[in-house]
Each structure stands twice: as C-alpha cells, then as structure tokens.
Amino acid sequence: MFTNGEFARLFTATSSQFAATLTLQTGESGLVGFLGGTGELLDQQGNPLETPQDLGSASGNDDGSMHVVLSPLLSGQLQKPLDFFGVHYDLTLPSNPSVTISGSDFQLIAAGVNHDDRFGIGPGVPTDIVPDAGSTLFLFGLGLIVVLGIPNRMLFAR
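Here we summarise the structure given alongside this text. Keep in mind that what you see is a predicted model, and the values were worked out from it rather than measured.

1. Focus: the pattern of salt bridges
Using the criterion set out here, one finds one salt bridge in the structure. For the salt bridge of Asp-83 with Arg-9, the shortest nitrogen-to-oxygen distance reads 2.6 Å. Taken as a pair, Asp-83 in strand E7 (residues 82–84) and Arg-9 in strand E1 (residues 7–10) lie far apart in primary sequence, 74 residues in all. Residue Arg-9 is classed as buried on the basis of its relative accessible area of 13%.

If you want it as structure tokens, here you go:
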C-alpha cells in the first residue's frame, strides 16, 4: 500500500502498456533464476481491483537481479480513469537456497510512445487527461477559413 494517502491515477490517456515493476537484487552475480507469480492493483481498503494477473518475468544475466512486471490494463477488467492505492505481488522464488535477497526496487512505468501517455501520483492530480486526437488543429483551421472567407465589406458594413 502507498503511504500518506497517496495513490496512482491512470488517466484516459494512459496506455494499456502501463506497468508496475518489481526488481529483487541478490548478493549473487550471474543468472540466479526467474520469479513467478501473480499480481493485482489494490483499492483504498487494500482489496483487489481485479482478479490476479500472471506476471511477466526476467532475470539479469550478469548482476543477479530478478524482475517481475504487472501490466494491469491488458486484462481488460479495468476502466480508465482509475485510482489505485497499492500493488500486491504473490511471488514464487526460484529454488536456490544459496541466493539471498539484498535489495529491491519498485517502479510505475508509462510505457507508451505518445507524449500524452502518463499517469499521476496523487493527491493533487487532474481528474483525467484525455489524449489529443488532433481536433484542436482542425477547429483552428476551420475558424481561419471562416474568418478569411468573409469579404472585408461585410466586416465593416454599416
């Protein structure tokens, strides 16, 4: 759970590629194995907002790290905009008794290619951000055509 009443808001503009990643660092070097498991976003009371989703998994080849990725929007169960107050991971660690976890890193990532693809950390974030579909440029062009198309005598008619 996030602390101090903070939450993350996924906007309408947030790509379905949004991800919550967890990296576990070990005291080893080289490939130590892969994490497995499921994860889900949590509401303000700590309840799941969706059914548990399978995590993507990767392992560092040379630094002893293990990574999991939760992509909650890919399930199609959640509607944007959406606020969540935590992330739950149910992890299965590789069976290697000599490996110990020495650190961790948690990140929220907007993984889209559009500059509008973003999320917010609240409180104090907009209610929603909607992707720009180019309608502003269209309306400007239409207005310009109308203004330039009116004969000067009509503008100054008495």
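2. Structural notes on the nonpolar core
Ranked by size, the top nonpolar core spans 20 residues in total, and within it Leu-41, Leu-70, Phe-84, Val-87 and Tyr-89 carry the most contacts. Sorting the residues of this core by element identifies E1, strand E2 (19–26), strand E6 (65–70), E7 and strand E8 (86–92) as the ones contributing at least two each. If near-sequence neighbours (up to four positions away) are discounted, Tyr-89 is found in contact with Ala-20, Thr-21, Leu-22, Thr-38, Gly-39, Leu-55, Val-68, Leu-70 and Phe-106.

3. With respect to the pairing of strand E5 (residues 56–59)
Examined bridge by bridge, E5 and E6 share four bridges and lie antiparallel to one another. In the sheet register, Ser-59 faces E6, and the bridge partner there is Met-66. If you look at the hairpin formed by E5 and E6, you'll find five residues sitting between the two strands, and Gly-64 has a positive phi there, around 70 degrees.

4. Some thoughts on the sheet that holds E5
By definition, the strands of a sheet pair up through backbone hydrogen bonds, in either a parallel or an antiparallel sense. Across the sheet, which stays open at both edges, the four strands sit in the order E5-E6-E2-E9 with antiparallel pairing between neighbours. Every other strand in the sheet has two partners, leaving E5 and strand E9 (101–109) as the edge strands with one partner each. With strand direction ignored, the average angle separating the axes of adjacent strands in the sheet is 15 degrees. As paired elements, E2 and E9 share eight bridges and run antiparallel to each other. What sits directly across from Thr-26, in E9, is Ile-101.

5. Focus: unusual backbone geometry
Omega for the peptide link from Lys-80 to Pro-81 comes to -5 degrees, which places this bond in the cis form. The peptide bond linking Gly-122 to Pro-123 adopts the cis configuration, its omega dihedral lying at 10 degrees. One non-glycine residue, Asn-4, lies in positive phi territory at about 55 degrees. Position of Asn-4 relative to the elements: it lies in the segment before E1. We classify Asn-4 as exposed; its relative accessible area is 74%.

6. Section: the sheet that holds E1
Pairing within the open sheet is antiparallel, and its three strands lie in the order E7-E1-E10. Whereas interior strands pair on both sides, the edge strands pair on one side only; in this sheet they are E7 and strand E10 (119–122). Put simply, the sheet's adjacent strands are angled 25 degrees from each other on average, direction ignored. Direction of pairing for E1 relative to E7: antiparallel, over a ladder of three bridges. Bridged to Leu-10 within E7 is Leu-82.

7. What about the environment of Leu-10?
The topology assignment puts Leu-10 in strand E1. When its relative accessible area of 0% is taken as the criterion, Leu-10 is described as buried. In sequence terms Leu-10 and Pro-81 are 71 residues apart; their C-alpha atoms lie 5.3 Å from each other. Beyond its immediate chain neighbours, meaning those up to four positions away, Leu-10 contacts Phe-18, Leu-73, Lys-80, Pro-81, Leu-82, Phe-84 and Phe-119.

Reading guide: rules and limits
- Residues numbered from 1 in each chain as written.
- Predicted model: local features only at pLDDT ≥ 70, side-chain atom pairs only at ≥ 80, totals over all residues.
- Heavy atoms only, no water.
- Salt bridge = Lys/Arg side-chain N within 4 Å of Asp/Glu carboxyl O.
- Helix = DSSP H or I, 4+ residues; strand = E, 2+ residues; numbered from the N terminus.
- Buried < 20%, exposed > 50% of the residue type's maximum accessible area, 1.4 Å probe, protein only.
- Core = buried A, V, L, I, M, F, W, Y, C linked by side-chain atoms within 4.5 Å.
- Contact = heavy atoms within 4.5 Å.
- Pairing = 2+ DSSP bridges.
- Axes fitted to C-alpha atoms, helices over the stretch in contact; angles between N-to-C directions.

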